[in-house]
Every structure is written in C-alpha cells, then in structure tokens.
Amino acid sequence: MTNLNAIVLAAGQGTRMKSAYPKVLHKIFDRPMLQYVIDSAKQAGAGSILVVVGFEGEQVIQSLGPDYQYIWQREQLGTGHAVLMAETALSGLDGDLLVLYGDTPLLEPDTIKELVLRKRNQKAVAAILTTKLNNPTGYGRILRDPQGNIKGIVEEKDASTEEKEIKEVNTGVYCFEIQGLLKTLKLLSPRNAQGEYYLTDVFKILVDQGLPIAGVLTGDAEQVMGPNDRVQLSATEHNLKLKINEGLMKQGVTINDPNFTYIAPQVKIGRDTTVLPGTFIFGDTIIGENCTIGPHTRITDSVVADNTEITYSQVTSARIGSNNLIGPFANIRPGTVSDEHVKIGDFVEIKSSHLGPGSKASHLTYLGDTRVGKNVNIGAGTITCNYDGVNKHQTVINDGAFIGSNSNLVAPVTIGAGATVGAGSTITKDVPDKALAVSRGHQENYNEWKSPRDRQ
Ligand code: UD1
Ligand code: CA
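Rules behind the numbers
- Residues numbered from 1 in each chain as written.
- Chains lettered and ligands numbered in written order.
- Predicted model: local features only at pLDDT ≥ 70, side-chain atom pairs only at ≥ 80, totals over all residues.
- Heavy atoms only, no water.
- Buried < 20%, exposed > 50% of the residue type's maximum accessible area, 1.4 Å probe, protein only.
- Helix = DSSP H or I, 4+ residues; strand = E, 2+ residues; numbered from the N terminus.
- Pairing = 2+ DSSP bridges.
- Patch = residues over 30% accessible without salt bridge, like charges linked within 9 Å, V, L, I, M, F, W, Y side chains within 5 Å.
- Areas by Shrake-Rupley, 256 points an atom, 1.4 Å probe, with all protein chains shown as cover.
- Salt bridge = Lys/Arg side-chain N within 4 Å of Asp/Glu carboxyl O.
- Domains from an automatic or database assignment.
- Contact = heavy atoms within 4.5 Å.
- Buried area = accessible area lost by both parts, 1.4 Å probe.
- Polar contact = N/O pair within 3.5 Å; in protein donor to acceptor, adjacent residues only side chain to side chain.
- Core = buried A, V, L, I, M, F, W, Y, C linked by side-chain atoms within 4.5 Å.
- Expected span 1.5 Å × (residues − 1).

Trainee: Even after reading the chapter, I still don't get the pairing of strand β9 (residues 150-154), so can you show me in this structure?
Mentor: The two faces of a sheet get side chains in turn, since along a regular strand they alternate between them. Of all five residues that make up β9, four are buried, and the element is covered over most of its length. A loop of five residues connects strand β8 (residues 141-144) with β9, the two strands running antiparallel in sequence, and Gly148 in this loop sits at a positive phi of about 95°.

Following this line, the structure appears as structure tokens:
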C-alpha cells in the first residue's frame, strides 16, 4: 500500500507472564509473537516499520535483527507515550501510520488492509479495529453515540459498571494520519486509574474536534487475541494451530490428529502427504507430495521432496530428496543434502554431507563433512572421523563403494569408486578405485587355550 508505515509497541514487560523475558518475545511455535505482528504489517504493505522497545529492549532488538528502526521508551508510561517517543522519527513522514501492539500474533494482513482502506475511503483521520467478546474483561470498551458513531474508548480500570457491560472492545489495531496523530498525542494526560498516557484517549480528542473516525468491527475475535499470561498464550497457539492444520487438510494434506501436530504458518506441504501426530514442522520448510512425516518428527527450515518417509527423526536446515526413507531416530543436521532413493536409518547422524542417489546408511553411523557418491553402502557403525580437535576435514566416498561395518574413516580421506573397506577397519589412507582395504589386527585362534573355567 502506498504511503503506509507502521509502529509496533513492544516496550511493556507483561508482568502476568511471570518471566525474565519481555512478553512479546514469548513464542507461538518457533517464533516470537512480535515477529508475527511485524510480518503481517509487512505483508499488508507497510513501508518502514518502527519498533518501540523498553523492558529488556536489547533482547527484543537482538531477536528481530537490524532490519527495523528501534525507538526506546525507557519508562513505560503508557501506549500513547510509547508512540510519542517516535515523534522525531515520524515527523518526516506523511501518509498513514499503522499502530499495532506486539502481542497480537494472529492478526492477518488482509484485516490490516481492510482497516486502512476503510479509513481512506471514509476520509477519516483515524480508524480502529474492534470486536465483540462475550467476556470483555480486561479490554478497553468502545463507546458509541446513539447514531452508532464511535465517540471514545474507556479502559477497563476506568470504566463505570454500565460501561463494563459493553461487549465491543478495542483490539489495539489502529490506522492514523501521521501528523494529526502526533499533534493529538501531545494533548494526552495521565489523569486516569493507571496514571498512564493512553493511546486510546486520542479517539475522544479527535471526536471532540469534530474529526471523522472509522471503525471496523471484525467477527473473528480469535484473530485479535492478545495473550497476557501463559494460559492465554497456549490458547492462542492452539487456535492458530487448528486454523493452519484445517487449511492444510482442505488443500489435500492428511493430518491424523490436528491437536497434536504443530505446523508453522509459512510451511508448505504438498497433496497426499500424511503428517502423523507429535510432529513439529517449523521455519521455511517445504514438503512435497505423497510423503509420510512422523510420528514424532521435528523438521525445521528444510526442503523434503516427494514420496519421502521421515519417522521419529529430526531434520534441520537440510534438503532431502524424493523417495527417501529416513529414521526411525535419525538426526539430520544443517548442510545435509540427499538425492533420490537415499536411505538414512536408525541412529544415523549426518552433518554438512551430500548423499548421492541410491546410497544407504542404514544404521548407527556418523557422517560429517562427507561427499557420498551414488549407490554407496555404508555399513552399520561407520564413523567419519572429521575433526582433529582443531579443524574439520572432508571424507569422499565415491560411487558404488562398500564400507564394511564398524569402520572409521579418518579424514581427509577418499574411498575410490567401487572400492570395499573391510569391516572393522580404520582407514587413514586413500583407497584406490575397486580396491579392498582392510586394516585390522589379524585374527589368531588359540586352540589349546584353557579358559579360567577349564583350569579349575
Ligand atoms: C490495550 C488497550 C486496550 C485494548 C487492549 C487490546 C491502551 C491504553 N489500552 O490494553 O484498550 O483493549 O490493549 O489488547 O492502549 N506498551 C508499550 N509501552 C507502554 C505500555 C505498553 O510499548 O508504556 C506495549 C506493550 O508491550 C504491548 C502493547 O503496548 O505490546 C499493549 O500494552 P498492554 O499493557 O498489553 O495493554 P492492555 O492493557 O492490554
Ligand atoms: Ca494486551
């Protein structure tokens, strides 16, 4: 959207979380609540985004990174005060300003856009998103005149018994004409039950000046949930989880138990894939068609191609090819790439390695910094010794090689194409193509040997 910027308030402590961390950094799935709000603002078309930080502000800045402009509010004197802290940064801007609270993670970009459009179409100076709640306790109530026009907002702690009956509440999502807002913020006073500069008081001031206000009443109260304690945080995550899972099911993904399957919003999953319970799919993950994922699997920031099965395993920042069989109990760490028809079996850990098509590491193996060609068979108990205590070294295992069980490959080392490593070998020198390398003590059988039992 043109001429649209955003400010997100994230300076409060959130005392009811009972936490050393600011409330907005508490997570829904794998990301802080604040990140969701910022992503929605971006997707709604906000050009620049300012974030007001205060309580443990360094943590907030570190979590979000350098892409945003941070404004410090050293003392948390209220939501109106928080926006006013950005006066200098905002004074050079014109157009509209979204004001969002960092604790409304389910707010959707389309809802924000609708609010901005309503403000612009009605030529209002401000717009506010409201919703109706059966139990409005804790929220600011929307005051309307007999014609139904918004005339102000009263906070719970300042509300009369009658006002407390009002079910329509302030969701904390606003759009203001920037320069008008800055002027009005200076007129706020902290004469209220909490001794704070309430942003919500801006509405009454604007109305008293005869300026037009727009209101958007959303029927989707879940979208504007602003959790204040960990019980509400869990309820918020639960709602998002069900919504995402239902969306995926409608697109052709089977999810056996949507209550016990956690899939982050940005994840993409292809048709006819089944996600079994106890599975967490987070980050920028893409899963192909016809896969079976889970049960009890965690996949983060990875790509999984079609027809692959991943069971009881963890996959992080990896690219898994099609028709792979992974797990149970595999740990696929960052930088792993597998081509098609690869098998990575039980208790196999892989890091920064590439496995060519048709290769197998079926049991009890560690591969680190390893390039594996095609149709390689890696026997049970194979370890690449990639670390000398200071540096990491590469292992190369060429096409068609066969690594016998319980072998140590001391890197840097290359196993030639079609070569065989005898079981139990410790390989410290390159093995030529097609050669057999065996390095282990020769077996002696002592036929005359008397065991302690025999000697009794
Ligand atoms: C606020 C609204 C209320 C609304 C509710 C919706 C005000 C006065 N009240 O109440 O009408 O129904 O949200 O959830 O705005 N913050 C700062 N600096 C401060 C105070 C707060 O940055 O000095 C930030 C907080 O980090 C939080 C947001 O502003 O992200 C909202 O603050 P919070 O204390 O949760 O406001 P509510 O009491 O919920
Ligand atoms: Ca709140």
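From this point, things continue past the structure.
Trainee: Explain a nonpolar patch on the surface here, please?
Mentor: A grouping of Tyr312, Phe329, Phe347 and Leu364 is seen on the molecular surface, where their side chains present a nonpolar patch of about 410 Å² in accessible area. Along the polypeptide, Leu364 turns up in strand β29 (residues 360-368).

Trainee: Please clarify how the pairing of β8 should be interpreted in this entry.
Mentor: Strand direction decides the pairing type here: β8 and β9, joined by four bridges, are antiparallel. Each residue of the ladder has a partner; that of Arg144, found in β9, is Ile150.

Trainee: Explain the domain arrangement of the chain to me, please; I cannot follow it from the model alone.
Mentor: It is common to report an interface's size as the accessible area lost on association of the parts. The domain architecture assigned to the chain consists of domain 1 (4-224) and domain 2 (230-437). Each of domain 1 and domain 2 was reduced to a C-alpha centroid, and the two centroids are 44 Å apart. Between domain 1 and domain 2, the contact holds 16 residues from the first and 16 residues from the second. Across the domain 1/domain 2 interface, buried area totals approximately 1300 Å², and carbon plus sulfur atoms make up 64% of it. Among the residues domain 1 hides against domain 2, the three largest losses belong to Phe29, Asp30 and Leu106. Together they make up 46% of the total. Its salt-bridge partner being Glu108, residue Lys243 comes within 2.4 Å of it at the nearest N-O pair. One can count five residue pairs in polar contact (both at pLDDT 80 or more) joining domain 1 with domain 2.

Trainee: Mind showing me how you'd approach unusual backbone geometry here?
Mentor: Among all residues save glycine, negative phi is the norm, and among peptide bonds the norm is trans. The peptide bond linking Gly327 to Pro328 adopts the cis configuration, its omega dihedral lying at 0°. Along the chain, Pro328 turns up in the loop between β24 (325-326) and β25 (331-332). The residue Asp301 is not glycine, and still its phi comes out positive at about 45°. Along the chain, Asp301 turns up in the loop between β19 (298-300) and β20 (303-304).

Trainee: Looking at this structure, how should I read the nonpolar core?
Mentor: Among soluble globular proteins, nonpolar side chains are generally buried collectively. Judged by nonpolar contacts, the single largest core of 53 residues is most densely connected at Phe29, Ile263, Ile269, Ile281, Ile344, Ile397 and Ile415. Of all the secondary-structure elements, those providing two or more residues to this core are α1 (33-43), α9 (230-250), β13 (261-263), β16 (279-282), β27 (343-351), β29 and β36 (413-415). Considering each element in turn, this core owes the most residues, four residues, to α9. Per-domain counts for this core show at least three residues from each of domain 1 (4-224) and domain 2 (230-437). Discounting residues that sit within four places of it in the chain, Phe29 has contacts with Tyr36, Glu237, Leu240, Lys241, Ile244, Tyr262, Ile263, Ala264, Pro265 and Phe282. One finds Ala10, Ile38, Ala41 and Ala214 within the second-largest nonpolar core, a separate group that totals 33 residues.

Trainee: I tried to follow α9 on my own but got confused; where do I start?
Mentor: The periodicity of an α-helix, 3.6 residues per turn, causes residues three or four positions apart to be oriented the same way. Between its first and last C-alpha, α9 extends 30 Å over 21 residues, near the 30 Å set by a 1.5 Å rise per residue. Taken together, the buried positions of α9 are occupied by Leu233, Thr236, Glu237, Asn239, Leu240, Lys241, Ile244, Asn245 and Leu248. Taken together, the buried residues of α9 touch β2 (27-28), α1, β12 (254-255), β13 and β14 (268-269). Gly252 sits one or two residues past α9 and shows a positive phi near 105°.

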